[in-house]
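Structural overview
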Amino acid sequence: MTNNSDAARVPQEQDGGNAGKTGKKNKIVKRLLHMITHNWMWKLGSLALAISLWGILISQDTSLPRTKTISGVRVAVTNSAALRSNGFVVVDGLDKVSTVKLRVSVPQKNYTAASASNYTARLDLSQIQTTGEQTLKITASAANSSQYGTVLEVYDADVTVTVEEYSTLSQVPVEVRLTGELPENCYGGALNRSADSVDISGPASLVGKAARCVVEYDQSNLSPERSPNAVSLPFYFEDAEGNVLDGSALTVTPHGQTTSIQRITVRQEVYYLARVKVGTEALVTGEPAEGYAVSSIRVLPQTVTLGGSKVVIAPYMTEDAAVYPYDQVNISGQSRTVTQLLYLNTPGNVDYISNNTVQVIVTILPEEFVNIASGASKDAVQNP
């Protein structure tokens, strides 16, 4: 039979046990608080002293590393040539890569001196193995690890680029397009260019469209005073329909050469001009057949254009200036019109002449027709 007094004692004993545990915890807490608060000024001072001693120790040991963030480290793109040798070229994405930010561990003694110039970041294109979008990773290191430590992290290290096949096209023709007008009374000689055709290399989608290399040549700025005029000009590429292509990704070399170019030089001689008549005096020798006479003498062209320096051209700027053929037309015994081609006696000091030959036409008619043409009456000719 259960004793009620025993049963009533059980909860009381359990409560007593819990109360004992709580009391122990309270004692521990009070003891900790006592340890912290007892002589707290001395303890706080000791802590401050310990921190100060640690700081002094750290500052004196210059070999201990410290973490630093370095911004503006330039990224060098490497192995472009090796990539082209493998038949690939990057067409997009590299323009977004210029500088990066690094987290570095640098020795205490060089902490202040460490800057972007002491670290090198690289984007290695040899990571590329196929066309399309590729994700490359930028790596970095200190120029001198013993002085400037190690790189712990490269921020935004992943770079996405677009890759195409690399292609080459040989002998793309160079076309010089004239703009503007030559100065008045000036003549431009033949154009000479530093490259008549170029070889281009780059993305296959672009190389396949290139039909011509175009240089625009403005003649309005030319002058005989500095002849020959030589102008170094930029160029651009067009497709077969005349649409301008973005050639920034192309490597351009004169055909058969290996040094790439960005400009083409155009040279041209420019002369002062003078329009001079062809003299008709003393162009004919001999006499026509009996009963015939010379009705007229014509030369074609009647004028020629001479070109040269200002000093050379000056004598031919007068109204009575003329040039003459070397030879004469022999009309001895002729009874009909004689046409002959004669070479002009070209002045030796001119640089240009529009024609070096003239056609001389000597019209020979019966004397009565010549007299009529000269204004005499028909009756006077018939009844002299």
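In this text, all values refer to a predicted model and were calculated from it rather than measured experimentally.

As a further point, take the overall build of the protein. Tallying secondary structure elements over the protein gives eight helices and 24 strands in all. Counting over 384 residues, the protein shows a buried share of 31%. For the protein, long-range pairs separated by at least 24 residues make up 77% of all intrachain contacts whose partners lie at least 6 apart in sequence. Surface summary for the protein: the accessible area is close to 23900 Å², and the carbon and sulfur share equals 50%.

On the surface, Leu44, Leu47 and Ile51 cluster together into a nonpolar patch covering about 310 Å² of accessible area. Note that leucine 47 resides in helix H2 (residues 40-60).

Spatially, the five strands line up as an open sheet ordered E6-E4-E1-E3-E7, and their pairing is mixed. Each edge of the open sheet carries a strand with a single partner, namely strand E6 (139-142) and strand E7 (150-154). Mean inter-strand twist for the sheet, computed between neighbouring axes without regard to direction, equals 35°. Taken together, the four bridges between strand E3 (residues 99-107) and E7 define a ladder with antiparallel strand orientation. Across the sheet, the residue bridging to serine 105 is threonine 150, located in E7.

This part takes up unusual backbone geometry. Most of the time, phi is negative for any residue but glycine, and the peptide bond is trans. Geometrically, the link from leucine 300 to proline 301 is a cis peptide bond, its omega value of -5° lying close to zero. Inspection of the secondary structure puts proline 301 in the loop between strand E18 (292-300) and strand E19 (303-308). You will see that aspartate 156, though not glycine, has its phi angle at about 50°, which is positive. Position of aspartate 156 relative to the elements: it lies in the loop between E7 and strand E8 (158-179). Overall, aspartate 156 belongs to the exposed group, its relative accessible area being 71%. The backbone of glutamine 171 shows a phi angle near 60°, a positive value even though the residue is not glycine. Inspection of the secondary structure assignment puts glutamine 171 in strand E8.

For the largest pocket, the calculated volume is near 240 Å³. Surrounding the largest pocket, 15 residues form its lining, Arg84, Val89, Val90, Leu94 and Ala249 being those nearest its centre. Elements supplying a minimum of two residues to the lining of the largest pocket: helix H3 (80-85) and strand E2 (88-92). If one sorts the elements of the lining of the largest pocket by residue count, E2 sits on top with four residues. Classifying every residue of the lining of the largest pocket by side-chain character gives 10 nonpolar, four polar and one charged.

With 27 residues, the main nonpolar core has Val100, Leu102, Tyr119, Ile128 and Ile138 as its most contacted residues. Put simply, the parts of the chain that give this core at least two residues each are strand E1 (65-78), E2, E3, strand E4 (119-124), E6 and E8. It is E3 that provides the largest number of residues to this core, a total of four residues. Those residues in contact with leucine 102 that sit more than four places away from it in its chain are Lys68, Thr69, Ile70, Val73, Tyr119, Ala140, Val151, Glu153, Val154 and Tyr155. Listed in part, the 24 residues of the second largest apolar core include Leu306, Val312, Val329 and Val338.

In this fold, serine 197 is placed in strand E10 (residues 197-203). The buried category is assigned to serine 197, whose relative accessible area is 14%. In this structure, serine 197 is in contact with Gln171, Val172, Pro173, Val174, Pro254 and His255, ignoring residues within four places of it in sequence.

Before going further, it helps to examine the side chain of arginine 212. Residue position: arginine 212 is located in strand E11 (residues 212-218). Within the structure, the side chain of arginine 212 is placed 3.0 Å from the side chain of glutamate 238, a separation counted as a polar contact. Among the polar contacts made by the side chain of arginine 212, one reaches the main-chain carbonyl oxygen of aspartate 239 at a distance of 3.0 Å. With near-sequence residues (within four places) excluded, arginine 212 lies in contact with Val172, Pro173, Glu175, Arg177, Tyr236, Phe237, Glu238, Asp239, Ala240 and Gly242.

Moving on, we come to the environment of glutamate 153. On the secondary structure map, glutamate 153 appears in strand E7. Taking C-alpha positions, glutamate 153 is 8.9 Å from threonine 139, a pair spaced 14 residues apart along the chain. The contacts of glutamate 153, once residues within four sequence positions are left out, are Lys101, Leu102 and Arg103.

We now examine the pattern of salt bridges. Scanning all chains against the criterion turns up eight salt bridges. Of the charged contacts in the structure, one is a salt bridge between glutamate 153 and arginine 103, with a shortest N-O distance of 3.3 Å. Residue glutamate 153 is found in strand E7, and its partner arginine 103 is found in strand E3; the two are separated by 50 residues along the sequence. Glutamate 153 sits in the partly exposed class, given a relative accessible area of 32%. On the basis of relative accessibility, which here comes to 28%, the residue arginine 103 falls in the partly exposed class. Notably, a salt bridge pairs glutamate 238 with arginine 177, separated by 2.7 Å at the nearest N-O pair.

About the cut-offs
Residues numbered from 1 in each chain as written. Predicted model: local features only at pLDDT ≥ 70, side-chain atom pairs only at ≥ 80, totals over all residues. Heavy atoms only, no water. Helix = DSSP H or I, 4+ residues; strand = E, 2+ residues; numbered from the N terminus. Buried < 20%, exposed > 50% of the residue type's maximum accessible area, 1.4 Å probe, protein only. Contact = heavy atoms within 4.5 Å. Areas by Shrake-Rupley, 256 points an atom, 1.4 Å probe, with all protein chains shown as cover. Patch = residues over 30% accessible without salt bridge, like charges linked within 9 Å, V, L, I, M, F, W, Y side chains within 5 Å. Salt bridge = Lys/Arg side-chain N within 4 Å of Asp/Glu carboxyl O. Pairing = 2+ DSSP bridges. Axes fitted to C-alpha atoms, helices over the stretch in contact; angles between N-to-C directions. 1 Å grid on protein atoms, 1.4 Å probe; cavity = no way out; pocket = protein on both sides within 12 Å on 5 of 7 lines; lining within 4 Å. Points joined across faces, edges and corners; volume = space filled by probe spheres on them. Nonpolar A, V, L, I, M, F, W, Y, C, P; charged D, E, K, R; others polar. Core = buried A, V, L, I, M, F, W, Y, C linked by side-chain atoms within 4.5 Å. Polar contact = N/O pair within 3.5 Å; in protein donor to acceptor, adjacent residues only side chain to side chain.

Function cannot be inferred from these measures alone, as they are strictly geometric.
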